[in-house]
Amino acid sequence: MHEGSITIRLSADVAEIERLNRIVRQFGELHELPGRTLYAVNLALDEMVTNVILYGFAETKGEETKGEEIVVRIEVHPPELRCEIVDGGREFDPMQVPSPDIQAPLRERELGGLGIHLMRALMDEVTYRREHPKNVLTMSKRIR
Amino acid sequence: MHEGSITIRLSADVAEIERLNRIVRQFGELHELPGRTLYAVNLALDEMVTNVILYGFAETKGEETKGEEIVVRIEVHPPELRCEIVDGGREFDPMQVPSPDIQAPLRERELGGLGIHLMRALMDEVTYRREHPKNVLTMSKRIR
Amino acid sequence: MQTQEESLGDVTVLTITGHLDTSSATPFESVLMEVIDRGERKVMVDCGPLEYVNSAGLKVFLLAAKKLETLDGQLVLCALSPSVLMVFEMIGFTRIMNIAASRDEGLRMFREQRAEA
Amino acid sequence: MQTQEESLGDVTVLTITGHLDTSSATPFESVLMEVIDRGERKVMVDCGPLEYVNSAGLKVFLLAAKKLETLDGQLVLCALSPSVLMVFEMIGFTRIMNIAASRDEGLRMFREQRAEA
Ligand SMILES: Nc1ncnc2c1ncn2[C@@H]1O[C@H](COP(=O)(O)OP(=O)(O)O)[C@@H](O)[C@H]1O
Ligand SMILES: Nc1ncnc2c1ncn2[C@@H]1O[C@H](COP(=O)(O)OP(=O)(O)O)[C@@H](O)[C@H]1O
């Protein structure tokens, strides 16, 4: 495994999600992350960035949001991996969202609400803070 | 292009050079470095790490040198790229080595002495310092 | 994401390969719904070559399982990789879906249901 | 690193592909020396698919150019990529070696020499 970091700048466009996922996987291969750790960081970032793109700019959707930027940073610092997502979307703390009822029987299971739950289950530590006009979400996970 | 860094730990073994080159190229692709910049950093690191492996431990060659480690760090920090090589080989400042005569006609050209000259030509700024039992070589280059 | 369809007796097997994510969830949903709409009731998805699934993909599995249940059919998933299985566990899908280690085990799940009926 | 040999009249063309580095310099030197030792005197190396060369590889080109000069032969290099050409310039090889933009230009370099003789 190799220590290191990457900063990825994305625009608030659904087409950027595939680019993010590709870069995250390439990063994981380069740094020789264990498969499970790579899967977890890939999925957590995919879910959270997708949410920012789909919901974070929803109210202000229009031409002026085209320039909105989402900054994703990943840092391999054994024994830990850290990620950070900074976005200028509306204030939103995913840690305040209640978990879906994962005990419900099939016919009662709801389709939504899986993304944030997955991110929280995949990561060891998650913190949200509001910084001026930005949301800052930091996630960390023990590499194994 | 994506900001970021990687730290690569190598043992003083010629087989490690191919691994270094592969990682440097993968890093350049991931971070979307321009082709010429990637070529330059790849070549400069290849030459300097090869020298450390071939000459740095020459006098102490033996079983106890097996554990010798060379640490290479690359950092993309636009508009600049920075590299650092830290090794525990004998004290050696490549900036003190005179340039080969690159004006000599074919029959008078000597075969050696190209590596350090190339590194100096490829990089914009190079500094060497001795730190305790380590050589620290830092190189930087404007990305273009 | 790519899918391939086969018939094993009255079981329709869809093998899914690659990454099931936000952009491929819709095409995958179309494939699965087409199979159900044409009347297939025993549907198995072979997830052996499935490398990645996110919540958009998970929703498609849930949707298909729900739909088949209301039609007295059954969805079986088989050969999930350890990482994909971990995700299914995290959201409780291993409790509400038929998940088999292999194709053979998956086929037995359909047979067992028939025996009960 | 891989090489492929062809004959174009009395010119032997070696096309070199991939990375010419510390580990591949020795095999490449063997290939070039074998060509010279068997009596070829007009040798062209097509560097079109050469992606990378370091000082160990550059030494092999210098060695072959020197050897052919003493034997009244000639080494021509053609189709160097911009990065490889940059390296040749940095060490003054563009002044002491025959470097052509293309195969055709390289073949003309041999013909011109013949005309002079
Ligand atoms: N960045 C965000 N900005 C605003 N609202 C959000 C954001 N992320 C998530 N949400 C809200 O939280 C809900 C739950 O998100 P999630 O768990 O990812 O599931 P889903 O997207 O399937 O609904 C979303 O439906 C949305 O209403
Ligand atoms: N890390 C090092 N430790 C000790 N001596 C070195 C080191 N690097 C280079 N040298 C010396 O400097 C000389 C020039 O190196 P270089 O320019 O790379 O060309 P070459 O390796 O072809 O001789 C070497 O031959 C060697 O004697």
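Residues numbered from 1 in each chain as written. Chains lettered and ligands numbered in written order. Predicted model: local features only at pLDDT ≥ 70, side-chain atom pairs only at ≥ 80, totals over all residues. Heavy atoms only, no water.

## Structural notes on the overall build of chain C
- Across its full length, chain C holds five helices and six strands.
- Walking chain C from its N terminus toward its C terminus, one meets helices and strands in the order β-β-α-β-β-α-β-α-α-β-α.
- Over its C-alpha trace chain C gives a radius of gyration of 13 Å, about what one expects of a compact globule, namely 13 Å for 117 residues.
- With the C-alpha coordinates aligned to their principal axes, the bounding extent of chain C is approximately 35 × 25 × 25 Å.
- Residues classed as buried in chain C amount to 51% of the 117 residues present.
- Within chain C, contacts between residues separated by at least 24 positions form 67% of all contacts whose residues are at least 6 apart in sequence.
- Accessible surface, chain C: about 5100 Å² in total, of which carbon and sulfur atoms supply 48%.
- In chain C, 11 positive and 17 negative side-chain charges are present, and the distance between their average locations comes to 4 Å. (Helix = DSSP H or I, 4+ residues; strand = E, 2+ residues; numbered from the N terminus. Rg over C-alpha atoms; globule rule 2.2 N^0.38 Å. Buried < 20%, exposed > 50% of the residue type's maximum accessible area, 1.4 Å probe, protein only. Contact = heavy atoms within 4.5 Å. Areas by Shrake-Rupley, 256 points an atom, 1.4 Å probe, with all protein chains shown as cover. Lys, Arg positive; Asp, Glu negative; His and termini not counted. Charge placed at Lys NZ, Arg CZ, Asp CG, Glu CD.)

## Let's talk about the interface of chain B and chain D
- Facing 28 residues of chain B, the contacting portion of chain D comprises 27 residues.
- Carbon and sulfur atoms supply 60% of the area buried between chain B and chain D, which totals about 2400 Å² over both sides.
- When residues of chain B are sorted by the area they lose upon contact with chain D, B:Tyr39, B:Leu106 and B:Leu111 head the list and together hold 31% of the total.
- Our count for the chain B to chain D interface comes out at one salt bridge.
- Put simply, D:Glu69 and B:Arg107 hold a salt bridge, and the shortest N to O gap is 3.4 Å.
- Secondary-structure elements contributing two or more residues to the side of chain B that touches chain D are α1 (15-30), α2 (35-56) and α3 (114-122) of chain B.
- It is α2(B) that provides the largest number of residues to the side of chain B that touches chain D, a total of eight residues. (Buried area = accessible area lost by both parts, 1.4 Å probe. Salt bridge = Lys/Arg side-chain N within 4 Å of Asp/Glu carboxyl O.)

## A look at the state of the cysteines
Residues and elements named next belong to chain C.
- Tallying each qualifying case throughout the model produces zero disulfides over all chains.
- This cysteine, Cys47, is not joined by any disulfide, and Cys78 carries the nearest cysteine sulfur, 6.9 Å off.
- According to the relative accessible area criterion, Cys78 is buried, its value standing at 0%. (Disulfide = S-S within 2.5 Å.)

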